[in-house]
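# Descriptive structure summary
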Amino acid sequence: MSGTAMLNVNDLFVSYGQSQAIHGISFGANRNETVAVMGRNGMGKTTLFKALMGVLPLKGGKVEVDGVDLSREESFRRVAGGIGYVPQGRMIFPTLTVEENLKTGLENAKNKEIPEEIYALFPVLFEMRKRKGGNLSGGQQQQLAIGRALVTNPKVLLLDEPTEGIQPSIIKDIAKALNEIRKLREITIVVSEQVLSFALDVADRLFVIEGGRLVHESTRANIDADRIKQYLSV
Amino acid sequence: MSASEMWNIFLMQGFAGLSLFSVLLLMGLGLAIIFGQMGVINMAHGEFMTIGAYTIFMLSSLTETYAPTLTPYYFFVAIIVAFILAFAVGWMAEWALIRHLYRRPLDTLLATWGLSLGMQQIFRSTFGAKEVSPTLPEWLLGSWAPAEGLDIPINGMFVMGLTLLVTAGVFLMLYRSRWGLRVRATVSNRTMANAIGINTKKTDRMTFAIGCGIAGVAGAAFTTIGSTGPTSGSLYIVDAFLVVTFGGAASLLGTVASAFGIAQTQSISEFFLTGSMAKVLTLLTIITILMIRPQGLFALKVRR
Ligand SMILES: Nc1ncnc2c1ncn2[C@@H]1O[C@H](COP(=O)(O)OP(=O)(O)OP(=O)(O)O)[C@@H](O)[C@H]1O
Ligand SMILES: [Mg+2]
């Protein structure tokens with residue numbers, strides 16, 4: 001990948017104890033670009049994202065955001081360095097209100113008020129702002145998790161299977177929101193997915209991950225949908 | 001004994017219990033926020049209380065020697081200094097010792113216990129083995145007699161007020177300050193808190209230090225009801241643990257309720273029974289209730 005990419009991932013290795021799960025992944029993503037990482041269950045999507053976020057340590061390789069090497073930094077410093085993270089399973093803070101959940105992302109912000117823009121993007125969060133996060137529905141929690149990551153003002157937004165366990169109408173909303181975010185902020189979005197239709201709604205480029213390696217890459221324009229479907233079916 | 005005399009004794013023991021309640025509550029609060037945030041059981045918590053008590057003693061002696069006219073007022077400043085000293089020592093203890101042992105509960109238990117013994121030895125070498133008492137300001141002594149045969153000690157009411165203030169302050173901090181938000185996010189999900197930008201290690205240190213500082217205030221309160229020796233704090237640690245377990249470790253409201261219950265049961269029954277029988281009664285009640293509600297008096301009602 002070119003050195004000008006906003007996100008630069010170079011020869012990444014990650015292991016759980018003795019067992020290696022990511023075997024040398026490299027890719028880049030530009031400013032104002034959305035890329036999707038497609039793969040079946042257990043192929044290493046979450047492991048890759050956790051390693052990018054610093055939740056798991058790297059065995060080898062490099063993660064750069066906007067030219068700054070973040071490979072050895074703790075997660076909270078990577079947030080300051082411009083990575084926003086929406087984990088699989090959403091992981092909102094159930095005991096905090098919606099408003100407080102959003103405020104946790106303001107750690108590096110000068111103004112500690114939640115930006116209007118977040119509520120404009122997800123009006124349901126404004127309606128529910130006094131409710132405990134744990135009492136929201138799955139789809140609402142997903143919007144909260146995205147909102148919370150956006151509040152950190154990321155240059156690169158990582159979303160790990162944002163459509164998992166969410167009903168189709170809300171999946172459409174989330175796709176719309178992601179496209180809206182990109183239009184508004186011109187940031188880089190990396191999303192992992194198993195649902196091809198969603199990926200095609202949001203991504204400019206698609207990768208396929210299998211067994212901890214990227215095995216296929218194509219742009220949306222030149223996509224070979226049947227081939228990707230084959231990767232995604234068991 | 002007439003019914004009204006009985007009632008007066010009941011009331012007076014109740015007010016005497018308020019001092020104990022205050023000390024237990026302040027101790028329990030500190031223990032609970034430290035345990036809640038990092039899962040650390042701080043066996044040295046009693047010694048941080050002792051730091052507070054000795055601080056009052058030192059400042060009392062200093063005031064008497066150098067500025068006797070200030071004797072009526074030094075107590076207020078001394079409480080703040082007690083907090084600051086205990087806070088500072090707590091900060092250093094976290095940095096030097098505790099932070100290396102997170103996620104190893106047995107090791108932290110041993111390490112903080114060792115710390116407690118070490119601190120006791122330092123107290124002994126510095127202040128001697130004999131118990132000391134600060135000269136309390138005149139206005140703290142004596143009692144208020146709203147009715148014939150009913151004497152309510154002023155120090156008890158003062159300590160009570162102080163405790164309410166500190167408790168309200170802790171609640172405010174937890175629910176309204178940035179530190180509180182960091183703590184509650186970290187308690188809820190440490191990994192995620194870090195991944196949203198919160199420096200969880202710094203939050204740990206801050207929380208540990210604040211918990212220790214509150215114990216220092218407990219020590220200041222303690223000087224109004226007892227004299228201070230190197231092991232004074234360790235006498236309260238078991239009761240403070242009881243308060244936290246009984247209240248439900250995740251709930252500060254539970255800590256308040258259980259400190260009140262334990263202190264009152266202890267104090268009121270102490271008048272009618274011997275001290276150790278009163279303790280047996282308190283323990284029996286706690287054990288019975290914990291058997292019915294193992295999660296403690298209060299538990300969170302939120303989907304996790
Ligand atoms: N904590 C762990 N310890 C050991 N191995 C793990 C651990 N977590 C995941 N793995 C292994 O790493 C591999 C990749 O898992 P990962 O969770 O990254 O897959 P995924 O693509 O996110 O799957 P899914 O679509 O089900 O979320 C799997 O073989 C999995 O068994
Ligand atoms: Mg996954």
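Thresholds applied
- Residues numbered from 1 in each chain as written.
- Chains lettered and ligands numbered in written order.
- Predicted model: local features only at pLDDT ≥ 70, side-chain atom pairs only at ≥ 80, totals over all residues.
- Heavy atoms only, no water.
- Donors = N, O, S within 2.8 Å, 3.2 Å for Na, K, Ca; no water.
- Helix = DSSP H or I, 4+ residues; strand = E, 2+ residues; numbered from the N terminus.
- Buried < 20%, exposed > 50% of the residue type's maximum accessible area, 1.4 Å probe, protein only.
- Salt bridge = Lys/Arg side-chain N within 4 Å of Asp/Glu carboxyl O.
- Phe/Tyr/Trp six-rings, centres within 6.5 Å; stacked < 30°, edge-to-face > 60°.
- Pairing = 2+ DSSP bridges.
- Axes fitted to C-alpha atoms, helices over the stretch in contact; angles between N-to-C directions.
- Contact = heavy atoms within 4.5 Å.
- Buried area = accessible area lost by both parts, 1.4 Å probe.
- Core = buried A, V, L, I, M, F, W, Y, C linked by side-chain atoms within 4.5 Å.
- Near = heavy atom within 4 Å.
- Polar contact = N/O pair within 3.5 Å; in protein donor to acceptor, adjacent residues only side chain to side chain.
- Areas by Shrake-Rupley, 256 points an atom, 1.4 Å probe, with all protein chains shown as cover.
- Nonpolar A, V, L, I, M, F, W, Y, C, P; charged D, E, K, R; others polar.
- pLDDT = per-residue confidence, 0-100.

What follows is about the coordination of the magnesium ion (ligand 2). Residue and element names in this part refer to chain A. For the magnesium ion (ligand 2), the protein coordination sphere consists of T46 (OG1) and Q88 (OE1), at 1.8 to 2.1 Å. A residue pair is termed long-range when its members are at least 10 positions apart, and T46 in helix α1 (residues 45–53) and Q88 in the loop between β6 (83–86) and α3 (98–103) qualify at 42 residues. Its relative accessible area of 23% is what places Q88 among the partly exposed residues.

Once that is clear, we can look at the pattern of salt bridges. All names here are of chain A. Taken as a whole and judged by the stated rule, the model has 20 salt bridges over all chains. Here E64 and K62 are joined by a salt bridge, their closest N and O atoms 3.5 Å apart. You can call K62 partly exposed: its relative accessible area is 35%. Here the residues in one salt-bridge network are E33, R205 and E217, joined through shared partners.

This part takes up the packing of aromatic side chains. All names here are of chain B. Going through the model one piece at a time under the given rule, you end up with 16 aromatic pairs over all chains. Seen from their ring centres, F75 and F158 are 5.8 Å apart, and the 65° between their planes marks the pair as edge-to-face. Separated by 83 residues along the polypeptide, F75 in helix α3 (residues 74–96) and F158 in helix α5 (residues 154–176) bring together distant segments of the chain. Accessibility classification places F75 together with F158 in one group, the buried group.

Residue and element names in this part refer to chain A. The strand order across the open sheet built from six strands is β6-β7-β8-β3-β9-β10, with neighbouring strands paired in mixed fashion. On the outer flanks of this sheet lie β6 and β10 (213–219), each paired with one strand and no other. Across the sheet, the axes of successive neighbouring strands diverge by a mean angle of 20°, strand direction being ignored. In this sheet, strand β7 (residues 156–160) lies alongside β6 in parallel orientation, the contact comprising four bridges. The partner of Y85 across the bridge, within β7, is L158. Sheet contacts for α1: β3 (34–38), β6, β7, β8 (188–193) and β9 (205–210); angle to β7, the most-contacted strand, approximately 150°. Strand contacts of helix α9 (residues 225–232): β3, β9 and β10, with the helix running at about 155° to β10, the strand carrying the most contacts.

This part covers the interface of chain A and chain B. At the interface, 27 residues of chain A touch 23 residues of chain B. When chain A packs against chain B, close to 2200 Å² is buried across both sides, 60% of that on carbon and sulfur atoms. Of all residues in chain A, A:F76, A:F93 and A:E107 bury the most surface against chain B, accounting for 27% of the area lost on that side. Applying the counting criterion to the chain A and chain B interface returns four salt bridges. B:R184 serves as the salt-bridge partner of A:E100, at 2.8 Å between the closest nitrogen and oxygen. For the side of chain A that touches chain B, the elements supplying multiple residues, two or more each, are α2 (75–80), α3 and α6 (138–151) of chain A.

Right, let's talk about the side chain of B:S19 for a bit. Inspection of the secondary structure puts B:S19 in helix α1 (residues 3–38). Sequence-distant contacts of B:S19, that is, excluding residues within four places in its chain, are made with B:G156, B:V159 and B:I225.

If you look at the biggest cluster of nonpolar residues, it comprises 66 residues, and the most contacted ones within it are B:L24, B:M27, B:F48, B:F75, B:F208 and B:Y236. Among the elements that line this core, the one with the most residues is α1(B), at 14 residues. Apart from the residues within four sequence positions on either side, B:L24 is in contact with B:Y236, B:D239, B:A240, B:V243, B:A259, B:I262 and B:A263. In this structure, A:I114, A:A145, A:I146 and A:I166 belong to the second largest nonpolar core, which totals 45 residues.

Residues and elements named next belong to chain A. Surveying the vicinity of ligand 1 reveals 13 residues, the closest of which are G42, K45, T46, T47 and E161. M43 places a main-chain nitrogen or oxygen 3.2 Å from an oxygen atom of ligand 1. With the chains in place, 58% of the 630 Å² that ligand 1 exposes on its own is no longer accessible. For the shell around ligand 1, the per-class residue count stands at three nonpolar, seven polar and three charged.

For any part of a model where pLDDT is low, the fine detail of the predicted coordinates should not be relied upon. Residue and element names in this part refer to chain B. Summary statistics for chain B give a mean pLDDT of 86 and a share of 95% for residues scoring 70 or more. Predicted confidence for residues 300–304 stays below pLDDT 50, and this span has 12 contacts to residues more than four positions away or in other chains. Reported for the predicted complex are a pTM of 0.88 and an ipTM of 0.92.

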